[in-house]
Structures are given as structure tokens and as C-alpha cells.
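Chains, contacts and geometry: an overview
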Amino acid sequence: MHASAIGATNLGSVATSRRIEPTLLTDQVYDFLHDGILNGEFAAGARLRIRDVAAEVGTSVMPVREAIRRLEEAGLVEREPHKGAVVRGLSLEELIHVYETRRVLEVAAARAGAERIDAAGLATMRAEYERMLVSLRERRVVESLDHDEAVLETLYVASGNPVLVQLIRNLWRQCRPYKIVGAQGTVETAADDSLWLYQERLIAAAESQDAEAAATASDESLRDATGRIEALLAAQRSG
């Protein structure tokens, strides 16, 4: 995590070997930008100049313009005076609100999921958890977050409430760039087990169908993350 918003970068500073064919439609341009934002390639505050993006992906400006409009609707991009479209950042105050809302929703999803998950779901949770540990050992932070979210999503989907799951996914998208930065810092701290401890507890609770233990693990995990953000906010204000 870090103060207010991750530092702005221009699209031209982002190294990428990915290109898409000019004939592909807006949804593929959207996927290109969407994935780049969630993977941290386009940081919060980065300007998305339509012509630069079109040149980057090898297409005309029209699908880029429409893709950026869709990103605005998804809450990942916003318009700023004299800048145009930029990747949306969150202040630390906003991030605290996101995590507080996540806690309400994810505790409920963890509780319901633990009651209903089947053997196939448990096997998926365990497999994704093992992949997450491998990624962490190899310091592939973005990949580890993908597996982390797969562990959680498998449990939450088992709740049988698709609306709840979609709301949680939307909140994940909002804070994903900050999760990447926070995880990168945590990976450097060998004694910090917060990147895998709570997932291990969630899996154990799900395996025993202990709904309250799952809810407690989820609650403590998100309170821990919120506490870190609040500490950053306090440091920012005192500085």
C-alpha cells in the first residue's frame, strides 16, 4: 500500500510485448486495457491517450475510445481536467471504505460458502492455495494474487448467491492495484505470513464445514488489511 494514489505514469513508459490485431473488436481492446490495469502495468493516475493506445495495440481510435468509455463505466478509469482519461486511483480514505465494505460482504460469503461447498470446490480451493504458495516462493506477486482470489471466489461461489459474488468481484477490481503494491512489500518480509495464513484457515474451516470459523478468518484477514491502510493514512497525515 502507499499514499493516496500510485504515481502516475504515461502509457509510453509501460513496457509490453503484447499487440492485438487491427481487426479485433472493442471488447478485445477493453480486455487489453482492463488486464493491464489489474496487473499493475497501467498504474493509478496513468493517462490513457486514445491515439497512443491505438498505436500500442495496432488498431484504430474508435474501438479504443469505446473501450475507455466502458472502463469508465466499470469504475477503473475517470476523466480529469486537462488530462483526459486516466486510470482511477483511490485515496487511502476511500480504500478504507472499500475494505470495510468488503469485510461485510466477504464475511457473509465465507460463512454461507463454508456451509455449502462440496468436495470438488474444496479440491479447487486446496489446489489454488498450493499454486499461490509456489507463486509467493518465486516472488510472482500478481500470479499469487490471482490464485488467492481463486481460493476465495471458489468458496464464495459455493454460497449460491451470484449477486453477492459479483459485488465482491467489483470491489476486488477497485483495490487490485493497491493489493499488488501491498503484496510486493509483504513478500519482502519473510516473517509476515499474512499472505497465506488466513487462506489456510479458510480452507480448514470449509473442509470441516465450520461456518463461524470461516467467517472469523475472513473478518480477521480484512481487519488486518484495513489496519495496515489506516496506519499508512495516519502516517500520511502526521507527515
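This report concerns the structure included in the present document. (Residues numbered from 1 in each chain as written. Predicted model: local features only at pLDDT ≥ 70, side-chain atom pairs only at ≥ 80, totals over all residues. Heavy atoms only, no water.)

1. Some thoughts on helix α8 (residues 197-207)
Each full turn of the α-helix corresponds to 3.6 residues, which orients residues three or four apart in the same direction. The following threshold applies: Think of it in three bands: residues with accessible area under 20% of the maximum for their type are buried, residues over 50% are exposed, and the middle band is partly exposed, with areas taken using a 1.4 Å probe on protein chains only. Helical segments are the DSSP runs of H or I of at least four residues, strand segments are the runs of E of at least two, and each set is numbered from the N terminus. Each direction from the helix axis to a C-beta atom contributes to the arc, which is the arc of those directions.
Where α8 is concerned, the buried positions are Tyr-198, Gln-199, Leu-202, Ile-203, Ala-205 and Ala-206. Relative to the axis of α8, the buried residues are bounded by an arc of 165° and lie together on one face. Residue Gln-209 follows α8 closely and has a positive phi angle near 55°.

2. Brief notes about the pattern of salt bridges
Here is the rule: Within this document, salt bridges are pairs made up of a side-chain nitrogen of Lys or Arg and a carboxyl oxygen of Asp or Glu, the two lying within 4 Å of each other.
Taken as a whole and assessed by the stated rule, the structure comprises 18 salt bridges. Linking Arg-88 and Glu-78 is a salt bridge whose minimum nitrogen-to-oxygen distance equals 3.8 Å. With a gap of 10 residues between them, Arg-88 in the loop between β2 (84-87) and α4 (92-116) and Glu-78 in strand β1 (residues 77-80) connect regions that are remote in the sequence. In this structure, the salt-bridge partner of Arg-103 is Asp-219, at a minimum N-O distance of 3.3 Å.

3. Focus on the packing of aromatic side chains
Test applied: Two rings from Phe, Tyr or Trp (for Trp, the six-membered ring) form a pair when their centres sit within 6.5 Å of each other. Planes less than 30 degrees apart are called stacked, planes more than 60 degrees apart edge-to-face, and all others tilted. The criterion for a charge sitting over a ring is simple: Lys NZ or Arg CZ within 6 Å of the ring centre, and within 35 degrees of the ring normal.
The full count for this structure, using the stated rule, is 2 aromatic pairs. Summarising the aromatic geometry, the rings of Tyr-156 and Trp-172 are spaced 6.2 Å apart at their centres and angled 40° between planes, so their arrangement reads as tilted. Residue Tyr-156 is located in helix α6 (residues 141-157), and its partner Trp-172 is located in helix α7 (residues 162-187); the two are separated by 16 residues in the primary sequence. Like Tyr-156, the residue Trp-172 is buried in the burial classification. It is Arg-70 that lies over the ring of Tyr-30; its NZ or CZ is 4.3 Å from the centre. One cation-aromatic arrangement involves Arg-102 over Tyr-99; the distance from NZ or CZ to the ring centre is 4.8 Å.

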